[in-house]
Amino acid sequence: MKIYIVLGFLGSGKTTFLKKMLNDLVSFSKVAVIINEFGNVSIDSQELKRKEVELKEITGGSVFCACKYDKFVSMLMELHSRDIDAIVVESSGFSNPTSLHKIINELKESGYDFDPYYISVIDSVKFLKLRKTLVLIDNQIKYSNLILINKIDLVEKDELLCIEETVRGINPYAAMLQTVNCDIEINKILKSLRSNDLDDFSYVDRKNVDFSSLGLKLKENLELSLAEKLLNKISDRIFRAKGYVKSTDGLYLLEVSSGIVTRHQRESGQGDFVILYSTEIIGKKEIIEVLSEIIE
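A short tour of the structure in this document, coming up. (Residues numbered from 1 in each chain as written. Predicted model: local features only at pLDDT ≥ 70, side-chain atom pairs only at ≥ 80, totals over all residues. Heavy atoms only, no water.)

1. What about the packing of aromatic side chains?
What counts is decided by this rule: Each Phe, Tyr or Trp ring (for Trp, its six-membered ring) is paired with any other whose centre lies within 6.5 Å, and the angle between the two planes then decides the class: stacked below 30 degrees, edge-to-face above 60, tilted in between. Burial status follows relative accessibility: with a 1.4 Å probe on protein chains alone, a residue under 20% of its type maximum counts as buried, one over 50% as exposed, and anything between as partly exposed. Lysine NZ or arginine CZ positioned within 6 Å of the ring centre and within 35 degrees of the ring normal marks a charge as sitting over the ring.
Applying the stated criterion to the full structure yields four aromatic pairs. Centre to centre, the rings of Y112 and F114 are 6.1 Å apart; their planes meet at 5°, and the pair counts as stacked. What makes Y112 buried here is its relative accessible area of 19%. One residue, R263, lies across the ring of Y252, its end atom 5.7 Å from the ring centre.

Written out as structure tokens, the structure reads:
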């Protein structure tokens, strides 16, 4: 059974890629999805929900850490016993996959025929800066069978060339594609992927920054322009923000990614507005103070 593990730091475009991936996969396969959110609220499960796909959620931590190990393994074992062709795992943006091959190998030794494929989505805007401190960025790339250098429309050609050279230096074997909004021929690409011998990889040892998650209740009937204005004040100091806003103009999914605030109109959706940040860059108190006008 194939397992597609979708990696990528916060805001790189994983959810956009998954939507397109699932649209292709469900046309010829029975698919289950495990969604992993670092925070306690899963916005992506609402964005990816569809009748052809069974969704399972793991929130409040990475599937690759010990705190979620048992739950993740149990889900894989359960899905393996079902009439399913493939499992897609959307990892949290903080996931470091260096231990996942151990989980897969242990299950294989117990008779589970899992065949893992790793797909990394890279945010061209923030990649070069992020990898200076985040060990997980390099390790996500090292494990990948397919690397999507996304958001190429937002960077200059010289920077894009530098990104390509850096990625190739980390992993010279994976298929690598440049994309805008993760727009690729997904079905064709997935069929051509080759497995990796994960045991051949060495791991990068570099200091990681600490991450925190903050869930906020936003007021109803907000002026979207006010929410966007306040989020822009902290957009370059947080890693990611996402949540539904009931505004005077209707329901919207409001996001902060690559330092840019965007809105997407939706017919349904609920839950806290989740902000992912590092206390080394900005404190919880300051975030709340800046956004106080729109918080309940």
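2. Focus: the pattern of salt bridges
Convention followed: For this document, the term salt bridge refers to a Lys or Arg side-chain nitrogen within 4 Å of an Asp or Glu carboxyl oxygen. Secondary structure follows DSSP: runs of H or I at least 4 residues long count as helices, runs of E at least 2 residues long count as strands, and numbering of each begins at the N terminus.
Within this structure, the stated rule accounts for 12 salt bridges. A salt bridge links K56 to E54; the shortest N-O distance between them is 3.5 Å. When the shortest N-O distance is used, the salt bridge between R263 and E228 registers 2.7 Å. One end of the pair, R263, is in strand β11 (residues 260-265); the other, E228, is in helix α9 (residues 224-232), with 35 residues separating them in the sequence. Judged by relative accessible area, which is 36%, R263 ranks as partly exposed. Look at the salt bridges and you will find they share partners, linking E54, K56, E78 and R82 into a network.

3. Section: a nonpolar patch on the surface
Going by this rule: Only residues above 30% relative accessible area that lack a salt bridge enter a patch, with like-charged residues linked at up to 9 Å and the nonpolar side chains Val, Leu, Ile, Met, Phe, Trp and Tyr linked at up to 5 Å. Method for areas: the Shrake-Rupley scheme with a 1.4 Å probe, in which residue coverage is limited to the protein chains shown.
Residues V125, L154 and I260 make up a contiguous nonpolar surface patch of roughly 220 Å² in combined accessible area. By the secondary structure assignment, I260 is in strand β11.

4. A few points about the pairing of strand β1 (residues 2-7)
Where we set the bar: A pair of strands is treated as paired once DSSP finds two or more bridges between them.
For β1, the buried fraction is high: five of the six residues fall into the buried class. Where β1 and strand β4 (residues 86-90) come together, five bridges link them in parallel fashion. If you follow I3 over to β4, its bridge partner there is I87. Relative to strand β5 (residues 115-123), β1 runs parallel, the two sharing six bridges. Counterpart to Y4 in the pairing with β5 is Y117.

5. Focus on the sheet that holds strand β12 (residues 273-277)
Two pairing modes exist for strands in a sheet, parallel and antiparallel, and in both the strands are linked by backbone hydrogen bonds. The following threshold applies: Fitted lines through C-alpha atoms serve as axes, helices being fitted only where they are in contact, and the angles separating the N-to-C directions of these axes extend from 0 to 180 degrees. For this analysis, residues touch if any pair of their heavy atoms sits within 4.5 Å.
Read across the sheet, five strands follow the order β8-β12-β9-β10-β11 without closing on themselves; strand pairing throughout is antiparallel. One side of each edge strand has no neighbouring strand; the edge strands of this open sheet are β8 (212-216) and β11. Strand-to-strand twist in this sheet, taken as the mean axis angle between neighbours without regard to direction, amounts to 20°. With seven bridges joining them, strand β9 (residues 240-247) and strand β10 (residues 250-257) adopt antiparallel strand pairing. Among the inter-strand pairings, K242 is bridged to a residue of β10, identified as E255. Lying on the sheet, α9 is in contact with β9, β10, β11 and β12; it crosses β11 at an angle near 150°.

6. Some remarks on the side chain of D272
Inclusion rule: Definition of a polar contact: a pair of N or O atoms within 3.5 Å, with one able to donate and the other able to accept a hydrogen when the atoms are protein atoms, and with sequence-neighbouring residues admitted only if both atoms are side-chain atoms.
By secondary structure assignment, the location of D272 is in the loop between β11 and β12. For D272, a relative accessible area of 17% corresponds to the buried category. A distance of 3.1 Å separates the side chain of D272 from the side chain of K217, its partner in a polar contact.

7. Topic: unusual backbone geometry
Its identity as a non-glycine residue notwithstanding, N181 has a phi of 55°, on the positive side. Mapped onto the fold, N181 is located in the loop between β7 (175-178) and α8 (186-192). We note that N221 has phi near 55°; this positive angle belongs to a residue other than glycine. If you trace the backbone, N221 turns up in the loop between β8 and α9. For N221, a relative accessible area of 57% translates into the label exposed.

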